[in-house]
Amino acid sequence: MTATLLTGKEVADSIFKELTPLIKKLDPKLVIIQVGDDPASESYIKQKVKSCDAVGMRHDHVHLKTDVTKEELFAVIEKLNGDPDVTGFILQLPLPAHLASHVPLFLRAMEPKKDVDGFTAYNIGKTLISKEFEHLPPATPAGIIALLEFYGYGDVTGKEVVIVNHSNVVGKPLAVMLLNRNATVTVCHAATKDLGSHTRRADILISAVGKPKLITKDMVKPGAIVIDVGITRTKDGLVGDCDFEAVKEVASAITPVPGGVGPLTVASLIRNTVRAKQRQLES
Ligand code: NAP
């Protein structure tokens, strides 16, 4: 069997097509806060800016120096919270070492209505209630759900889904969003014993670790749908967590890296910014 390729660009384009007239009408504005010059962040920000330009969404980039103090960063967040022209803003992670342990406090300082990455406790908490309350869901999990829906795998009722990741930005909210859709969800992480015994049960296997070739062919159930979220920069370019060439022989569908989930994270961010504007106008 050779797996169908689930390319994110096609899905992102359909989301952008739907959003473009709304963006024209509502004129939302996204602001990206960057601290320092992390090369991966530079490249993610470039993609976000490129997509904003493509859909005609206003954007701004607040680029702070690496040694910015936490007080200065709080002041930037407060300013954006209070600026009526700013629909939403994101704090590009990771932060430099001296700020990294304060991330929960920076997120707590953000106005939830402007938290278009969906990282604040308020927005994560809302996703726990039910699908109907996923107003500003975390961008990567929302992108994965959009990908499954686009390719006809959106009905996950009763499916065994195994997620390899338990971070606050991917695994935990994704598990909740899949539970909201009645999947049976297993969440694995670094302390999970015998990872393969879990992944082999998966109808849908989602890996977001950042370890090339962590997921080998023998860890995948024949016919499974494999969503590879992991990104590792190698001398040959970006690679995911799956031993792609081998896994595609056993899976029924698989996302490539790059070009799989990545474009959908950006599309979800833009969709969240439009939703934020709609809700701000309503209130
Ligand atoms: P993270 O916070 O470092 O999470 C990594 C997760 O993998 C943790 O749950 C970790 O468990 C688990 N893990 C580590 N080694 C493992 C192993 N040997 N077996 C099983 N689980 C293991 O990172 P993140 O921010 O969630 O991102 C994860 C990956 O996804 C990265 O490669 C990142 O670049 C990528 N990503 C891609 C997108 C996209 O749009 N495509 C978006 C977000 C993230 P412990 O915490 O117990 O160590």
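Computed from a predicted structure; not experimentally measured.

Q: So what exactly am I meant to see when it comes to the packing of helix α1 (residues 8–26) against helix α7 (residues 139–150) here?
A: To characterise two packed helices, one gives the angle between the axes of the helices and the distance between these axes. The N-to-C vectors of α1 and α7 enclose an angle of 95°; their axes lie 10 Å apart at closest approach. Between α1 and α7, the crossing angle belongs to the class labelled roughly perpendicular. On α7, the residues touching G8, E10, V11, S14 and I15 of α1 are A146, L147 and F150. Of the residues that constitute the contact of α1 with α7, the class distribution is five nonpolar, two polar and one charged.

Q: In this structure, what is going on with the site of the ligand? I would like to understand it.
A: Taken together, 20 residues surround the ligand, and among them N165, H166, S167, I231 and T265 come closest. Contact distances for the ligand include 3.2 Å between an oxygen atom and a backbone N or O atom of A190. At a separation of 3.5 Å, an oxygen atom of the ligand approaches a polar backbone atom of G210. Within the shell around the ligand, the residues separate by chemical class into ten nonpolar, nine polar and one charged.

Q: Where do I start with the sheet that holds strand β4 (residues 88–91) in this structure?
A: Within a sheet, adjacent strands bond to each other through the backbone by hydrogen bonds, running parallel or antiparallel. What the three strands build is an open sheet, ordered β3-β2-β4; its pairing is parallel. The strands lining the two open edges of the sheet, one partner per strand, are β3 (58–64) and β4. Strand-to-strand twist across the sheet, computed as the mean angle between neighbouring axes with direction ignored, equals 15°. Inspection of the sheet shows strand β2 (residues 29–35) paired to β3 by seven bridges, in the parallel sense.

Q: Is there a simple way to explain the domain arrangement of the protein chain in this structure?
A: Buried accessible area, meaning the area lost when the parts come together, often serves as the stated size of an interface. Per the domain assignment, the segments of the protein chain are domain 1 (24–111) and domain 2 (138–262). With centres defined by C-alpha atoms, the gap from domain 1 to domain 2 works out at 28 Å.

Q: Help me understand the nonpolar core, please; the structure alone is not making it clear to me.
A: Side chains that are nonpolar tend, in soluble globular proteins, to be buried together. One finds L30, I144, L178, I204, I206, I227 and I270 to be the most contacted residues of the largest nonpolar core, which totals 47 residues. For this core, the domains that each give at least three residues are domain 1 (24–111) and domain 2 (138–262). With 20 residues, the next largest nonpolar core counts L64, V68, F89 and L95 among its residues.

The rules behind the values
Residues numbered from 1 in each chain as written. Predicted model: local features only at pLDDT ≥ 70, side-chain atom pairs only at ≥ 80, totals over all residues. Heavy atoms only, no water. Axes fitted to C-alpha atoms, helices over the stretch in contact; angles between N-to-C directions. Helix = DSSP H or I, 4+ residues; strand = E, 2+ residues; numbered from the N terminus. Parallel < 35°, antiparallel > 145°, perpendicular 65-115°, else oblique. Contact = heavy atoms within 4.5 Å. Nonpolar A, V, L, I, M, F, W, Y, C, P; charged D, E, K, R; others polar. Near = heavy atom within 4 Å. Polar contact = N/O pair within 3.5 Å; in protein donor to acceptor, adjacent residues only side chain to side chain. Pairing = 2+ DSSP bridges. Domains from an automatic or database assignment. Core = buried A, V, L, I, M, F, W, Y, C linked by side-chain atoms within 4.5 Å. Buried < 20%, exposed > 50% of the residue type's maximum accessible area, 1.4 Å probe, protein only.

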